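Listed below are the residues making up each chain.
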Amino acid sequence: MVDLKKISGKELAHAIGKTPPAITYMKKQNAKEFQLLKLGLLCSKLGLDEDDLVAMYNLKKIKLKNVDLYEDD
């Protein structure tokens, strides 16, 4: 099984059609873009689409609301 926490620069470069040095440069100069691309690759590997991400976001909101309710007691 593939370790989904470890996405190599080479793997990311191949997935988006860039060179590994370009990925290294992006990681240093534009960390947010790098993280978004890495997240996109992880979603692709896991077979997650936009609807799945929205569902996970909504579940997280519900959980956070429930935590807030219990903290007030």
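In short, a report on the structure. Each chain has its residues counted from 1, following the order in which its sequence is written. Reporting in this predicted model follows two pLDDT cut-offs: at least 70 for local features of residues, and 80 or more for side-chain atom pairs to be given and counted; totals over whole chains, interfaces and linings ignore these cut-offs and use all residues. Only hydrogens and water are set aside; all other atoms, that is, all heavy atoms of the structure, feed into the side-chain values.

What follows deals with the overall build of the chain. The helix count covers DSSP runs of H or I at least four residues long, the strand count covers runs of E at least two residues long, and both are numbered beginning at the N terminus. Scanning the chain for helices and strands turns up four helices and zero strands. If you list the helices and strands of the chain from N to C, you get α-α-α-α. For each residue, the accessible area found with a 1.4 Å probe, counting protein chains only, is set against the maximum for its type, and the residue is called buried under 20%, exposed over 50%, and partly exposed in between. The buried share of the chain, reckoned over its 73 residues, is 14%. In this description, contact between two residues means that some pair of their heavy atoms is separated by no more than 4.5 Å. Contacts in the chain between residues far apart in sequence, at least 24 positions, make up 45% of those at least 6 positions apart.

Once that is clear, we can look at the environment of Lys6. Assignment of secondary structure puts Lys6 in the segment before helix 1 (9-16). On a C-alpha basis, the gap between Lys6 and Leu42 in space is 9.6 Å, while along the polypeptide they are 36 residues apart.

Note that soluble globular proteins tend to have their nonpolar side chains buried in a common cluster. Among the nonpolar cores identified, the biggest contains eight residues, and these are Ile7, Leu12, Ala13, Ile23, Met26, Phe34, Leu41 and Leu42. For this core, the secondary-structure elements that each account for two or more residues are helix 1, helix 2 (20-29) and helix 3 (31-46). Tallying contributions element by element places helix 3 first for this core, with three residues. Aside from chain neighbours lying at most four places away, what touches Leu41 is Ile7, Glu11, Leu12 and Ala15. Nonpolar cores are built from buried Ala, Val, Leu, Ile, Met, Phe, Trp, Tyr and Cys residues. Side-chain atoms within 4.5 Å join them into one set.

Our next topic: the packing of helix 1 against helix 3. The angle between two axes is taken between their N-to-C directions and runs from 0 to 180 degrees, where each axis is a line fitted to C-alpha atoms and a helix contributes only its stretch in contact. Between helix 1 and helix 3, the least distance of the axes is 11 Å, while the angle of their chain directions is 80°. If you check the angle between helix 1 and helix 3, you find them roughly perpendicular. Here Glu11, Leu12, Ala15 and Ile16 of helix 1 come into contact with helix 3, specifically with Phe34, Leu37, Lys38, Leu41 and Lys45. The nonpolar class holds Ala, Val, Leu, Ile, Met, Phe, Trp, Tyr, Cys and Pro. Asp, Glu, Lys and Arg form the charged class, and all remaining residues, Gly among them, are polar. Partitioning the contact of helix 1 with helix 3 into residue classes produces six nonpolar, no polar and three charged. Angular relationships are summarised with four words: roughly parallel below 35 degrees, roughly antiparallel beyond 145, roughly perpendicular across 65 to 115, and oblique for the angles in between.

Once that is clear, we can look at a negative patch on the surface. Nonpolar side chains (Val, Leu, Ile, Met, Phe, Trp, Tyr) within 5 Å and like charges within 9 Å form the patches, drawn only from residues with over 30% relative accessible area and no salt bridge. Using a 1.4 Å probe, the Shrake-Rupley method yields the accessible areas, and only the shown protein chains count as cover for residues. When a carboxyl oxygen of Asp or Glu lies within 4 Å of a side-chain nitrogen of Lys or Arg, that pair is called a salt bridge. Counted as positive: Lys and Arg. Counted as negative: Asp and Glu, with His and the chain ends omitted from the count. Charge positions come from single atoms, namely NZ of Lys, CZ of Arg, CG of Asp or CD of Glu. Among the surface-exposed residues, Asp49, Glu50, Asp51 and Asp52 lie close enough to one another that they form a single negatively charged patch. Tracing the chain through its elements places Asp51 in helix 4 (residues 50-71). Residue Asp51 is classed as exposed on the basis of its relative accessible area of 59%.

Read these as layout, nothing more, since geometry by itself doesn't imply function.
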